[in-house]
Amino acid sequence: MSDKTLADLAKEMKKIDIAMMSTHTSGDEIAARPMSNNRDVDFDGQSHYFAMDDTRTVQDIAKNRNVGLSFQGEKAFFIHVEGDADLIRDKQAFEDHWNPDLDEWFEDGIDTEGLVMIKVDATRIHYWDGMNEGEVKV
């Protein structure tokens, strides 16, 4: 077992822009899609994503908050985050986590009609660093 800390893992996650976010569908299946974390990863295990209110992602989270996030870093470094997602519709919160790169996807910025921020609070993080693996409970 390796001995990385939550701060170590957050530092690694900041280097990785795209995560695969997995949600539970209404049919008890698992759906996954690429999501950008905009390198907005706090040291307390939170990460933030933006989506539109009418997407399957948001609909799935509204029914079941439990999500998974999978990251692939450099070489043989992988992270899987299990957590609880909250749907945030507050423009001040949007501003706190907005990145200019998001303007490409949401042309009206934080004023985009139907914009939702998904805040994921990690509960468990499992990682693989080459042959070493470990887990951090949050």
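Engineer: Would you explain the overall build of the protein in this entry?
Structural biologist: Within the protein one finds 3 helices and 7 strands. Starting at the N terminus and walking to the C terminus, you meet the elements of the protein as α-β-β-β-α-β-β-α-β-β. Relative to its length of 138 residues, the protein is compact, with a C-alpha radius of gyration of 15 Å against a globular reference of 14 Å. Along the three orthogonal principal directions, the C-alpha set of the protein runs to about 45 × 35 × 25 Å. The burial tally for the protein puts 42% of its 138 residues in the buried class. Long-range contacts, defined as pairs at least 24 residues apart, comprise 62% of the intrachain contacts of the protein with a sequence gap of at least 6. Carbon together with sulfur atoms contributes 46% to the accessible area of the protein, which is approximately 7700 Å² in total. Taken as two groups, the 15 positive and 30 negative side-chain charges of the protein have centres that lie 5 Å from each other.

Engineer: What is the right way to look at unusual backbone geometry in this model?
Structural biologist: The phi torsion of most residues other than glycine is negative, and most of the peptide bonds are trans. The backbone phi angle of D28 is positive, close to 60°, even though this residue is not glycine. Among the secondary structure elements, D28 is positioned in the loop between β1 (18–24) and β2 (30–36). In this model, K75 sits at a positive phi of 55°, which is unusual for a non-glycine residue. Within the element layout of this structure, K75 appears in the loop between β4 (66–72) and β5 (77–88).

Engineer: Please explain the packing of aromatic side chains as it appears in this structure.
Structural biologist: Aromatic ring pairs: the centre-centre distance and the angle between the two ring planes describe each pair. Inspection of every chain in the model, using the stated rule, returns 3 aromatic pairs. On the basis of an interplanar angle of 75° and a centroid distance of 5.7 Å, the ring pair of F50 and F94 is categorised as edge-to-face. Residue F50 is located in strand β3 (residues 46–52), and its partner F94 is located in helix α3 (residues 91–97); the two are separated by 44 residues in the primary sequence. Residue class for F50 comes out buried when judged on its relative accessible area of 8%. Assessed through its relative accessible area of 2%, F94 is described here as buried. Each member of the aromatic cluster is reached from another via a ring pair, and the members are F50, F94, W98 and F106.

Engineer: Could you clarify how one ought to interpret the side chain of T57 in this entry?
Structural biologist: Checked against the element boundaries, T57 lands in helix α2 (residues 56–63). Overall, the relative accessible area of 7% leaves T57 in the buried class. For T57, the contacting residues outside a window of four places in its chain are M21, T23, R33 and I118.

Engineer: Just checking my understanding: could you explain the confidence of the model for the protein for this structure?
Structural biologist: Parts of the model with low pLDDT should not have their predicted coordinates read in detail. Mean pLDDT for the protein: 90, with 96% of residues reaching 70 or above. When the elements of the protein are averaged for pLDDT, helix α1 (residues 6–14) gives the smallest value, 83, and α2 the largest, 96.

Engineer: Honestly, α2 in this entry has me stumped. Any pointers?
Structural biologist: Within an α-helix, residues lying three or four positions from one another point in the same direction, as the helix has 3.6 residues per turn. Of the residues making up α2, those classed as buried are T57, V58, D60 and I61. One side of α2 holds all its buried residues, which, seen down the axis, span an arc of 160°. Facing away from the buried side of α2, by more than 90 degrees, are the exposed residues A62 and K63. Buried residues belonging to α2 abut β1, β2, β3, β4, β5 and β6 (115–129).

Engineer: Teacher, can you tell me more about the environment of D101 here?
Structural biologist: Residue position: D101 is located in the loop between α3 and β6. For D101, a relative accessible area of 56% puts it in the exposed group. Distance from D101 to E29, taken between C-alpha atoms, is 32 Å for residues 72 residues apart in sequence.

Rules used throughout
- Residues numbered from 1 in each chain as written.
- Predicted model: local features only at pLDDT ≥ 70, side-chain atom pairs only at ≥ 80, totals over all residues.
- Heavy atoms only, no water.
- Helix = DSSP H or I, 4+ residues; strand = E, 2+ residues; numbered from the N terminus.
- Rg over C-alpha atoms; globule rule 2.2 N^0.38 Å.
- Buried < 20%, exposed > 50% of the residue type's maximum accessible area, 1.4 Å probe, protein only.
- Contact = heavy atoms within 4.5 Å.
- Areas by Shrake-Rupley, 256 points an atom, 1.4 Å probe, with all protein chains shown as cover.
- Lys, Arg positive; Asp, Glu negative; His and termini not counted.
- Charge placed at Lys NZ, Arg CZ, Asp CG, Glu CD.
- Phe/Tyr/Trp six-rings, centres within 6.5 Å; stacked < 30°, edge-to-face > 60°.
- pLDDT = per-residue confidence, 0-100.
- Arc of directions from axis to C-beta.

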